[in-house]
Amino acid sequence: MTLEELKIRQLTNQYLIKKGEKEQVVRDLCGIQSQFLVNAIHSLKIRCEDFDEATVKDGLVKNWTIRSTVHVFSESDLPLFIRCNNGNDYRKNEWSGYSFWNQRDKWALSPERQSYLSKVILESLEHGEKTRDELKQICREHGMYHAEESCMFESWGGGIAELCKRGFMNYVVQEKKLYCLSPDFTPIPDEEAKLEIARRYFTNIAPATVHDAMYFLGAKQSEVKKWISQLPVESASVDGKTYYYIENGKTYNDGIPKCIFLAGFDQLMLGYQKKESLYLPQAHLRKIFNLAGIVMPPILLDGRVVGKWKKKNGKLTIDLFESVGERKKKAIVREAESLWNDLKRIEIED
């Protein structure tokens with residue numbers, strides 16, 4: 001397998017050469033990372049043949065999943081991603097055990113108070129979706145004081161995250177923080193679920209190295225090697241590295257697209273070890289993966305990141321990291337115009 005063939009396989013598997021149906025795309029890619037919903041929506045737009053702005057959120061939920069980050073994924077995959085400590089904590093409103101949150105120095109919620117306030121939140125959601133601010137106000141009316149509030153509604157998760165991870169509730173798929181009760185489901189046992197996620201990865205994001213899989217799945221090397229031994233994985237050597245994959249019946253006859261406007265936090269950037277990326281020159285690494293933990297939306301030109309983009313109020317700003325020439329600039333503009341019909345102005349900075 002050549003390097004170009006490897007890229008074509010990855011791009012095809014990630015639906016960046018041939019689009020797929022939304023439900024299949026989100027399942028195959030193990031959800032779409034969604035710190036900012038606009039990124040997830042764009043990621044689906046460039047991959048889904050049935051993309052419709054009005055209905056794209058249908059059938060999707062938002063919750064903490066792979067790498068303990070927030071993803072948009074199919075509601076049918078709740079049992080796969082929300083496993084609730086191997087099912088032992090499924091909808092368990094009891095908090096006396098050790099957790100990531102309650103061992104922190106400033107954790108002010110006693111197990112009893114966390115249970116009480118959790119009950120208040122869940123009972124309020126029985127009457128419909130609630131915003132973060134609405135839930136705060138309801139909890140205040142039930143005696144929550146400031147130190148408890150800073151824990152229950154901690155900006156990076158806190159008690160709300162724990163309720164989500166225990167299968168009680170989900171984020172509604174929208175930009176503003178809005179919550180709803182989760183439908184009933186039965187969590188898949190951890191080992192079975194992890195193997196299924198690995199199977200999807202090696203089928204639909206790979207070919208990938210062991211380091212790539214460790215990076216995407218947040219797993220140890222020993223875990224990845226164990227999954228490889230349990231799955232019908234094949235391998236290929238490219239530039240001295242071994243890439244693993246599972247055949248999926250797709251054909252790889254198309255070339256690398258001229259230009260792709262990838263999303264922020266795109267799976268093509270997150271699917272493989274960033275310091276070994278086939279697409280991102282290391283000279284540009286910090287321009288895409290900044291030190292604040294944000295993954296900027298890249299412009300991929302002939303299978304190589306050459307810049308980043310930002311769109312606001314009909315204005316598209318393109319920041320090129322290197323000289324690409326006038327012909328390639330025109331190709332970038334053509335792709336932008338085909339992607340968005342509301343563009344009023346395009347500015348290219350280089």
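Owing to the predicted nature of the structure, the values given are computational and were not obtained by experimental measurement. (Residues numbered from 1 in each chain as written. Predicted model: local features only at pLDDT ≥ 70, side-chain atom pairs only at ≥ 80, totals over all residues. Heavy atoms only, no water.)

Novice: What is the right way to read the sheet that holds strand 11 (residues 304–312) from this model?
Specialist: Strands pair in a sheet through their backbones, by hydrogen bonds, and they do so in one of two ways: parallel or antiparallel. With respect to topology, 5 strands assemble into an open sheet ordered 9-10-11-12-13, the strand pairing being mixed. Each end of this open sheet is capped by a strand with a single partner; those strands are strand 9 (259–261) and strand 13 (345–349). Sheet twist, expressed as the average angle between the axes of neighbouring strands with direction ignored, equals 25°. Of the pairings in the sheet, the one linking strand 9 to strand 10 (residues 298–301) comprises 3 bridges and is antiparallel in character. Across the sheet, residue Phe261 finds its bridge partner in strand 10, namely Ile299. (Pairing = 2+ DSSP bridges. Helix = DSSP H or I, 4+ residues; strand = E, 2+ residues; numbered from the N terminus. Axes fitted to C-alpha atoms, helices over the stretch in contact; angles between N-to-C directions.)

Novice: Could you clarify how one ought to interpret the packing of helix 5 (residues 111–125) against helix 6 (residues 132–141) in this entry?
Specialist: Think of two packed helices as two axes; the pair is described by the angle between the axes and how far apart they sit. Two elements in contact, helix 5 and helix 6, have axes whose closest approach is 10 Å; the angle formed by their N-to-C orientations is 125°. On the basis of their axis angle, the class for helix 5 and helix 6 is oblique. Read as a crossing pair, helix 5 and helix 6 show a hand that is right-handed. Where helix 5 approaches helix 6, its residues Leu117, Val120, Ile121, Ser124 and Leu125 are matched on the opposing element by Leu135, Ile138 and Cys139. Classifying every residue of the contact of helix 5 with helix 6 by side-chain character gives 7 nonpolar, 1 polar and no charged. (Parallel < 35°, antiparallel > 145°, perpendicular 65-115°, else oblique. Left-handed = near helix turned anticlockwise from the far one by under 90°. Contact = heavy atoms within 4.5 Å. Nonpolar A, V, L, I, M, F, W, Y, C, P; charged D, E, K, R; others polar.)

Novice: Please explain the pattern of salt bridges as it appears in this structure.
Specialist: Close approach of charged atoms lets side chains of opposite charge pair. Under the defined criterion, the tally for this structure stands at 24 salt bridges. A salt bridge links Glu247 to Arg9; the shortest N-O distance between them is 3.5 Å. Of the two residues, Glu247 sits in the loop between strand 8 (241–245) and strand 9 while Arg9 sits in helix 1 (residues 3–13), which places them 238 residues apart along the sequence. On the basis of relative accessible area, Glu247 is assigned to the partly exposed category, the value being 39%. The buried category is assigned to Arg9, whose relative accessible area is 15%. The partner of Asp89 in a salt bridge is Lys92, and the shortest N-O contact between them spans 3.9 Å. On the basis of relative accessibility, which here comes to 15%, the residue Asp89 falls in the buried class. Overlapping salt bridges, with partners in common, bring together Arg27, Asp77, Glu196, Arg199 and Arg200 in one network. (Salt bridge = Lys/Arg side-chain N within 4 Å of Asp/Glu carboxyl O. Buried < 20%, exposed > 50% of the residue type's maximum accessible area, 1.4 Å probe, protein only.)

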